[in-house]
Amino acid sequence: MDGDRVEIDGGIMEGGGQILRVSTALSCLLGLPLRVRRIRAGRSQPGLRPQHLSGLEMIRDLCEGKLEGGEIGSTEITFTPGKIKGGTHIADTKTAGSVCLLMQVAMPCVLFAASPSELHLKGGTNAEMAPQIDYTVMVFKPIVEKFNFTFNCDIKKRGYYPQGGGEVVVQMSPVKELSPINLTERGTVTKIYGRAFVAGALPIKLAKDMSAAAVRCIRKEIRDLYINIQPVREPDDQAFGTGSGIIIVAETSTGCLLAGSSLGKRGKNSDKVGIEAAEILLRNLKHGGTVDDSLQDQLIIFMALAKGVSRVKSGPITLHTQTAIHFAEQLTKARFTVTKSEEEDPSKDSYIIECQGMGMINPHL
């Protein structure tokens, strides 16, 4: 059996948890046994962290597979997938590890299950170094559903650093195959909206300050649009712990969604949190792409699995995206090309990511 294992070097390129997420999801879908060595080799704490382990355990349970080396700090795992089944699955990081990253690893798999799935994901809903759950619902969901599937994401409880304690329930039905997407026309920005939130011990004034600072920052560049960033205090029964942050979304005439977000933390001025999110949004609008930096890499696995040619226009290609492409090509028959976009406007730094998808067919439907 070991002769047929695909060997993955977990220390190259982005060198983090993303390599695990992409390669184990594809291993599960394609029935390819996998060995991943040098897991997170370049990180200050190499090896598996709680959120990576809970993601791996969920994938193992989703497909009744075998996982060896599955403990905290482990730098090598072997994974032998079985058959993907639907039903209810629980993944609990028991930390502020991101529920959105758990969703990233499971979602491609349950799309090709035999029956509908319900995933109970527990951990941090608004965590550093990961998409916030608000981003997942407001930006990722409407765009990824263009691949011709739908999912429901119910935020039961929000959880913040350091304890986590959040819970999100994701419901999905399987599909026969994924359609390719074509996101190459940006159009013009038609509205800008968002939410600035506080939870736990923090006063609503902080949310109002974040919102006002973000609006002032955007106004310097974009004068003629109404900007609606709602300050919100999360209800106590729907949030665990204390946290704050902001997400701002720009919607365009062609249905593109680009965002900027930022989290508050102790000692960080709330104006600064708002300005940081606004600057990220403006930077994403400037490059002329149809997706922002955070969505780029999250679309790669779906483009690889889809039937036909997908095209997405993005800003400069992130290391996360390069890494996702590398492992998608290593494990599937999908082929990607990235070319500089032929722009009339030389100030725009945009690229076309094109993928000839492998055309994964759900064998159970």
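Just so it is clear, the structure is predicted and the values come from calculations on it, not from any experiment.

A. Quick look at the packing of helix α3 (residues 99-110) against helix α7 (residues 293-305). In the contact formed by α3 and α7, the axes pass within 11 Å of each other and the chain directions differ by 10°. Between α3 and α7, the interaxial angle falls into the category roughly parallel. Contacts between α3 and α7 involve Gln104, Met107 and Pro108 on the former and, on the latter, Gln298, Ile301, Phe302 and Leu305. Looking at the contact of α3 with α7 residue by residue, the class counts come to five nonpolar, two polar and no charged.

B. Focus on the layout of surface pockets. Taken as a whole, the largest pocket spans an internal volume of roughly 1400 Å³. Lining of the largest pocket is provided by 45 residues; of these, Ala127, Glu128, Met129, Ala130 and Pro131 occupy positions nearest its centre. Residue assignment for the lining of the largest pocket shows that the elements contributing at least two residues are α1 (17-30), α2 (50-62), α3, β14 (257-263), α6 (270-286) and α7. Here the lining of the largest pocket gets five residues from one element, more than from any other, and that element is β14. In the lining of the largest pocket, the residues fall into 13 nonpolar, 20 polar and 12 charged. Lining the lining of the largest pocket are residues from two domains, each supplying at least three of them: domain 1 (6-178 + 291-358) and domain 2 (189-286). For the second largest pocket, the calculated volume is near 450 Å³. Thr242, Gly243, Gly264, Lys265 and Arg266 are the residues nearest the centre of the second largest pocket, which is lined by 18 residues in total. Elements that contribute at least two residues to the lining of the second largest pocket include exactly α5 (204-219), β13 (243-252) and α6. Residue composition of the lining of the second largest pocket, by class: eight nonpolar, six polar and four charged.

C. Region of the structure containing the side chain of Asn284. With respect to the helices, strands and loops of the structure, Asn284 is situated in helix α6. Looking at Asn284, its side chain comes within polar contact range of the main-chain nitrogen of Asp293, at 3.1 Å. Those residues in contact with Asn284 that lie beyond four places of it in its chain are Arg186, Leu258, Ala259, Asp292 and Asp293.

D. How the structure looks around the sheet that holds strand β1 (residues 6-9). Taken in spatial order, the four strands of this open sheet run β1-β2-β4-β3, and their pairing is mixed. Edge strands, defined here as strands with exactly one partner in the open sheet, are β1 and β3 (66-68). Strand-to-strand twist across the sheet, computed as the mean angle between neighbouring axes with direction ignored, equals 15°. Of the strands in this sheet, β3 and β4 (77-80) touch α2, which is tilted by about 150° from β3. On top of the sheet, helix α8 (residues 319-331) reaches β1 and β2 (34-37); it is set at about 170° to β1, its chief contact.

E. Representation of the packing of α1 against α2. It is the contact of α1 with α2, at a shortest axis distance of 11 Å, that shows an interaxial angle of 5°. When the axes of α1 and α2 are compared, the pair comes out roughly parallel. Residue-level inspection shows Gly17, Leu20, Arg21, Thr24, Ala25 and Cys28 of α1 in contact with α2, the latter providing Gln51, His52, Leu56 and Ile59. Of the residues in the contact of α1 with α2, the class split is five nonpolar, four polar and one charged.

F. Molecular detail of empty space enclosed by the protein. Counted by the stated rule, this structure contains three cavities of 30 Å³ or more. Broken down by secondary-structure element, the contributors of at least two residues to the lining of the largest cavity are α1, α3 and α7. The residue inventory of the lining of the largest cavity, partitioned by class, reads seven nonpolar, three polar and two charged. As a volume, the second largest cavity reaches approximately 90 Å³. Lining the second largest cavity we find Gly17, Leu20, Arg21, Thr24, Gln51, His52, Gly55, Leu56, Leu101, Leu102 and Val105. Put simply, the parts of the chain that give the lining of the second largest cavity at least two residues each are α1, α2 and α3. Tallied by class, residues from the lining of the second largest cavity come to five nonpolar, five polar and one charged.

G. View of the packing of aromatic side chains. Summed over all chains, the structure comprises six aromatic pairs. Measuring from centroid to centroid gives 6.3 Å for Phe140 and Phe151, while their planes differ by 55°, and the two rings are tilted. Separated by 11 residues along the polypeptide, Phe140 in helix α4 (residues 133-144) and Phe151 in strand β7 (residues 151-159) bring together distant segments of the chain. The exposure class of Phe140 is buried, given its relative accessible area of 4%. Relative accessible area serves as the criterion here: at 5%, Phe151 is assigned to the buried category. With a centroid separation of 6.1 Å and an interplanar angle of 25°, the aromatic rings of Tyr160 and Phe197 are classed as stacked. Of the two residues, Tyr160 sits in the loop between β7 and β8 (166-172) while Phe197 sits in strand β10 (residues 189-199), which places them 37 residues apart along the sequence. A relative accessible area of 3% means that Tyr160 is categorised as buried. Each member of the aromatic cluster is reached from another via a ring pair, and the members are Phe140, Phe147, Phe149, Phe151 and Phe302. Looking at Lys141, its charged tip hangs above the ring of Phe151, at a distance of 5.2 Å from the centre.

Rules behind the numbers
- Residues numbered from 1 in each chain as written.
- Predicted model: local features only at pLDDT ≥ 70, side-chain atom pairs only at ≥ 80, totals over all residues.
- Heavy atoms only, no water.
- Axes fitted to C-alpha atoms, helices over the stretch in contact; angles between N-to-C directions.
- Helix = DSSP H or I, 4+ residues; strand = E, 2+ residues; numbered from the N terminus.
- Parallel < 35°, antiparallel > 145°, perpendicular 65-115°, else oblique.
- Contact = heavy atoms within 4.5 Å.
- Nonpolar A, V, L, I, M, F, W, Y, C, P; charged D, E, K, R; others polar.
- 1 Å grid on protein atoms, 1.4 Å probe; cavity = no way out; pocket = protein on both sides within 12 Å on 5 of 7 lines; lining within 4 Å.
- Points joined across faces, edges and corners; volume = space filled by probe spheres on them.
- Domains from an automatic or database assignment.
- Polar contact = N/O pair within 3.5 Å; in protein donor to acceptor, adjacent residues only side chain to side chain.
- Pairing = 2+ DSSP bridges.
- Phe/Tyr/Trp six-rings, centres within 6.5 Å; stacked < 30°, edge-to-face > 60°.
- Buried < 20%, exposed > 50% of the residue type's maximum accessible area, 1.4 Å probe, protein only.
- Lys NZ or Arg CZ within 6 Å of the ring centre and 35° of its normal.

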